[in-house]
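# Residue-level structural notes
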Amino acid sequence: MTLAEDNGPERGGDDLLAAEYVLGVLPADERQIASRRIDTETAFARLVDAWEVRFAPMAAAYAAVEPPASVKAAIDRRLFASSASGAPSGSLWTSLAFWRGLAAAAIAALAVYVALPYVNPPVRPPETRLVASLAADNSNVKYLAVYDAARHEVGLSLVSGERGAGKDFELWMIEGKNAPVSMGVIPAGQTARMAVTPAVQQKLAQGAVLAVSLEPSGGSPTGQPTGPVVAAGDLKGI
């Protein structure tokens, strides 16, 4: 479910829309609409900025990837191979044909750069990250969840709602009609990270459902949800 499908105020409205925009999980047409709103609506732009700041700790866990050296070599060959024997003459630099050729070479080099990841994609497991918007009818509790398979953890960001005195939120994994499996009590705060056991990792990789229940302080005493489910959502690839 995306916010475009259910973007009323009872589900988080613009705040949750801004969060999904930052996560990059909106369909292309809805992302374009949100992008235009950033340019024209100051309040919405501030929401997007706030979510970028909130998600920054999660993004910091991923190192920047430099393009391979072969990309620059390919661009150099495209741009400068014809002048390798010596410096071009003044008439060459003022030639319209030369500049048209240079522009064509630059476009070809850009095409090489863009196509390179598809020709020789980096080796990594498929669907290393899954995302879910957790919400429920008649509840103001809303979370955004990101499952990182490479780091074996779930990152949670609280959008709205409070657990109340003497209560805790507990995270559950639900697979089909099987009994919910506890993933632990969610730490208090706007963001949290929770380790995922190997058994649950296999289930999450297949796109299970995450749910949040309201439990007594310390979590469910029975190993199954005892309080109401206040938020839930499907994990999907990004």
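With an unreviewed UniProt entry as reference, the protein is termed Anti-sigma K factor RskA, source organism Mesorhizobium plurifarium.

## Brief notes about unusual backbone geometry
Look at N138: it is not a glycine, yet its phi comes out positive at around 60°. Considering the arrangement of structural elements, one finds N138 in the loop between β1 (129–134) and β2 (142–148). Among the residues examined, N138 registers a relative accessible area of 86% and is labelled exposed. We note that H152 has phi near 55°; this positive angle belongs to a residue other than glycine. Here H152 lies in the loop between β2 and β3 (153–160).

## Things to note about helix α2 (residues 28–40)
With 13 residues, α2 should cover 18 Å at 1.5 Å per step; its first-to-last C-alpha distance of 19 Å lies within 8% of that length. Residues of α2 that are buried include every one of E30, A34 and R37, and no others. When α2 is viewed along its axis, its buried side chains cluster within an angular range of 55° and face the same direction. Turned more than 90 degrees off the buried face of α2, the exposed positions are A28, R36, D39 and T40.

## Here's the deal with the packing of aromatic side chains
The description of two aromatic rings rests on the distance between their centres and on the angle between their planes. Going through the model one piece at a time under the given rule, you end up with one aromatic pair. Ring centres of Y143 and F169 lie 6.1 Å apart, and the angle between their planes is 85°; on these two criteria the pair is classed as edge-to-face. Taken as a pair, Y143 in strand β2 and F169 in strand β4 (residues 167–174) lie far apart in primary sequence, 26 residues in all. On the accessibility criterion, F169 (1% relative accessible area) is buried. The ring centre of Y21 lies 4.1 Å from the NZ or CZ of R31, which sits over that ring. Its guanidinium or amino end placed over the ring of F44, R37 lies 4.3 Å from that ring's centre, counting from NZ or CZ.

## Description of the sheet that holds β4
Strand order in this open sheet of four strands is β5-β4-β7-β8, and the pairing throughout is antiparallel. At either margin of the open sheet sits one strand with a lone partner, and together these are β5 (181–185) and β8 (229–234). Neighbouring strand axes in the sheet, compared pairwise and without regard to direction, differ in orientation by 25° on average. As paired elements, β4 and strand β7 (residues 209–216) share eight bridges and run antiparallel to each other. Considered in β7, the bridge of E170 is made with S213.

Rules and cut-offs
- Residues numbered from 1 in each chain as written.
- Predicted model: local features only at pLDDT ≥ 70, side-chain atom pairs only at ≥ 80, totals over all residues.
- Heavy atoms only, no water.
- Helix = DSSP H or I, 4+ residues; strand = E, 2+ residues; numbered from the N terminus.
- Buried < 20%, exposed > 50% of the residue type's maximum accessible area, 1.4 Å probe, protein only.
- Expected span 1.5 Å × (residues − 1).
- Arc of directions from axis to C-beta.
- Phe/Tyr/Trp six-rings, centres within 6.5 Å; stacked < 30°, edge-to-face > 60°.
- Lys NZ or Arg CZ within 6 Å of the ring centre and 35° of its normal.
- Pairing = 2+ DSSP bridges.
- Axes fitted to C-alpha atoms, helices over the stretch in contact; angles between N-to-C directions.

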